[in-house]
Amino acid sequence: RSQNEQDSPSRNMANPFCIGVFGELGEGKSTFLNLFSGQKLFGVGSGMEPVTTHFSNGERIVVHDQIVLLFDTPGLNNEDLAIETWHHDLSLKCKKIDLLFLVFRATSRLSMSKLFAFQVLQTMFEDFVSNKVVLVLTHCDNISADMNFYEMGSALDRLCREKMNWTGFHKIIYSDNRQESIKECRDLVLQSSTSLTIKQEFDRKTVIQLAKKVMGEELGQLWCQQQFQMQKQTNSRIFGKKAWYFFGISGCLALCVKYVQNLFPVARNLWNKLQIIFKSLGGFLKDQMPRKRE
C-alpha cells in the first residue's frame, strides 16, 4: 500500500469493516482471502489435512480507503471441531460481519450436507438475511468443458431459495477471470451498509431440529449425539488446561509463601542488628558534636 493510503485520516479506526469467509474444507477460503488482500496473510494447503483449524484474529488491510478486518474460518464440516465450539470461537473473534463471503468450489457437487452446513451457519446470526451473503465460486478455471459454472451458481441460488427460504444471494462471483472477480469483490466494500450480528449464545435447539429435518430423525439424532460428544471432549480439555493453570499458580504461590516464611526470621535478625548499628552510630555522632558553653 502507498504511504498516502496508510496515513489517510478519513478512515474509521474505531469501527473497521469486517469480512468473514465461510465454507467447507478445501473450497479455497484462505486462497480467496490472500487474493482479496493481495498479500499472503493466510496459510494455504494442497494436501488432505486442513490448514485452517482455528479462527484468525482478523488481518487488517485497507480497501477503498476503509479499514478492513479479514476473518478466515475453519471448514464448516471439520470433523475435529464441534459446531458449538465453532460458533463459540466465532463469537469470541468478532461481534458482527459486514460482508459474508460463502465460498463454494465450482467442481464440487451440490449436496444436502452442504445446504445443511449453510443452514447451521444461518442460525449463528441475529436476523439473518441472505442478501448479505456473497457466493464465490472458486476453481472455475479448473471446471471441465462440458460443465457451465454460471449454471452451477444459478442452481445453487435456486436450491437455497427452495430448500432454505432464502431470498437470493447479494451477488454471485465467478473466479474464471481472477483479476476482475477480485476487483468485483473489493468494490462490494463500498456498497455494504448493514451488518450481520453474531449470536452470543449457541442455538442448540434449532440446530437439532435442522439436523433431523435434513438428515431424517435417526441420522439427525446420531449426528447431534456425535456433535455433543465432541463438545464434551472439548470442554473437558479446556477444563483440564484451566485446572493445570490453577494448580500451577497455586503451587508457585505456596512456594513463595514458604520462602517468605523461611526468610522472615533471617530478615528480623538482620533488622535487629541494623537497629543496634544505627543506635551505636547515633551515640557516636552525638559524642562528637561540640557542646554548648554554659
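Here's a quick rundown of the structure. All of these numbers come straight from a predicted model, not from anything done at the bench.

What follows is about helix H2 (residues 29-37). The element H2 is largely enclosed, with a buried count of seven among its nine residues. Of the residues making up H2, those classed as buried are Lys29, Ser30, Phe32, Leu33, Asn34, Phe36 and Ser37. Lining the buried residues of H2 we find strand E1 (17-22), strand E2 (59-63), strand E3 (66-72), strand E5 (99-105), strand E7 (133-138) and helix H6 (178-191). Taken from the residues just after H2, Gly38 is the one with a positive phi, measuring 75°.

The strand order across the open sheet built from six strands is E2-E3-E1-E5-E7-E8, with neighbouring strands paired in mixed fashion. Of all strands in the sheet, those with a lone pairing partner are E2 and strand E8 (171-174), marking the two edges. Here the average twist between neighbouring strands, direction ignored, is 25°. Here E7 runs beside E8; their pairing, made up of four bridges, is parallel. Paired with Val134 across the strands is Lys171, a residue of E8. Contacting E1, E2, E3, E5, E7 and E8, H6 runs over the sheet at an angle of about 150° to E8.

Conventions we followed
Residues numbered from 1 in each chain as written. Predicted model: local features only at pLDDT ≥ 70, side-chain atom pairs only at ≥ 80, totals over all residues. Heavy atoms only, no water. Buried < 20%, exposed > 50% of the residue type's maximum accessible area, 1.4 Å probe, protein only. Helix = DSSP H or I, 4+ residues; strand = E, 2+ residues; numbered from the N terminus. Contact = heavy atoms within 4.5 Å. Pairing = 2+ DSSP bridges. Axes fitted to C-alpha atoms, helices over the stretch in contact; angles between N-to-C directions.

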